[in-house]
Amino acid sequence: MSDTGSDGELLRAIAANGDRRAFEELYRRYAPWLTARLRGRCADAGMVDDVVQETFLAVWRGSARYREDGSSEDAAGWLWRIGSRRLIDLLRGDGARGRLRQALARLRHRDEASAEERVLAGVEHGNLAGALVRLSPELRAVLQATVIDGLTTREAAVLLGIPAGTVKTRAMRARKQLREELA
């Protein structure tokens, strides 16, 4: 593939046979532009660099496919769409990961009981504390994320590294098990 191919030709060569030269040319053309555009949306240069890399990895691996269907979308617009979506996903995920890091840090370095722990200690001799202790760690983690931390299902999924449907299922199982034990 020559370095002077059109964007469409480069993308077809990458998709058809993994043409490394075509990929390198596409990267040279668009990585600086995409980086500049993303930095307008995010001040974290490291995060932006990660998003640019993930965007081009998606192109290389074929998980992002360019469809030249006569529409007005050009390669730059297509790459921007991929990159901006990945940035949004990363920013949403970073918030949840940050909350997880804080929660884990509190658990590791706790000298004083949290408000939640004091509430649970107040019912320590009741059935609730025992029922909570008997939950599996997976079910307790979902309850911690959704009930105590107040995260949405989607945020809890990112935080725990599991699909949102699994969060819903585990929360339902945890509630059922608690109801059964407390009845």
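Because the structure is predicted, anything quoted here is derived from the model rather than measured. (Residues numbered from 1 in each chain as written. Predicted model: local features only at pLDDT ≥ 70, side-chain atom pairs only at ≥ 80, totals over all residues. Heavy atoms only, no water.)

Turning to the packing of helix α7 (residues 137-148) against helix α8 (residues 153-160), a few remarks are in order. Two elements in contact, α7 and α8, have axes whose closest approach is 9 Å; the angle formed by their N-to-C orientations is 130°. Judged on the interaxial angle alone, α8 and α7 are oblique. In the crossing of α7 with α8, the sense of the turn from one axis to the other is right-handed. For the pair α7 and α8, the contacting residues are Ala 141, Val 142, Ala 145 and Thr 146 in the first and Ala 156, Leu 159 and Leu 160 in the second. The residue makeup of the contact of α7 with α8, split by class, is 6 nonpolar, 1 polar and no charged. (Axes fitted to C-alpha atoms, helices over the stretch in contact; angles between N-to-C directions. Helix = DSSP H or I, 4+ residues; strand = E, 2+ residues; numbered from the N terminus. Parallel < 35°, antiparallel > 145°, perpendicular 65-115°, else oblique. Left-handed = near helix turned anticlockwise from the far one by under 90°. Contact = heavy atoms within 4.5 Å. Nonpolar A, V, L, I, M, F, W, Y, C, P; charged D, E, K, R; others polar.)

On to helix α9 (residues 164-182), then. With 19 residues, α9 should cover 27 Å at 1.5 Å per step; its first-to-last C-alpha distance of 27 Å lies within 8% of that length. Every buried residue of α9 is listed here: Val 167, Ala 171, Ala 174 and Leu 178. Down the axis of α9, the buried set is contained in an arc of 65°. They therefore lie on one face. Looking at α9, the residues exposed on the side facing more than 90 degrees away from the buried face are Lys 168, Arg 179 and Glu 180. (Expected span 1.5 Å × (residues − 1). Buried < 20%, exposed > 50% of the residue type's maximum accessible area, 1.4 Å probe, protein only. Arc of directions from axis to C-beta.)

Before going further, it helps to examine the nonpolar core. Core analysis: the biggest nonpolar cluster contains 26 residues, and Leu 26, Tyr 30, Leu 38, Val 52, Phe 56 and Val 59 have the highest contact counts within it. At the level of elements, α1 (7-17), α2 (20-39), α3 (45-61) and α4 (75-108) are the ones that each hand at least two residues to this core. With 8 residues, α4 is the largest single contributor of residues to this core. Listed in part, the 9 residues of the second largest apolar core include Leu 151, Ala 156, Ile 162 and Ala 171. (Core = buried A, V, L, I, M, F, W, Y, C linked by side-chain atoms within 4.5 Å.)

Positionally, Thr 35 belongs in helix α2. Polar side-chain contacts of Thr 35 include one of 2.7 Å to the backbone oxygen of Ala 31. Once residues lying within four places of it in the same chain are set aside, the contact partners of Thr 35 are Val 48, Asp 49 and Val 52. (Polar contact = N/O pair within 3.5 Å; in protein donor to acceptor, adjacent residues only side chain to side chain.)

Function cannot be inferred from these measures alone, as they are strictly geometric.
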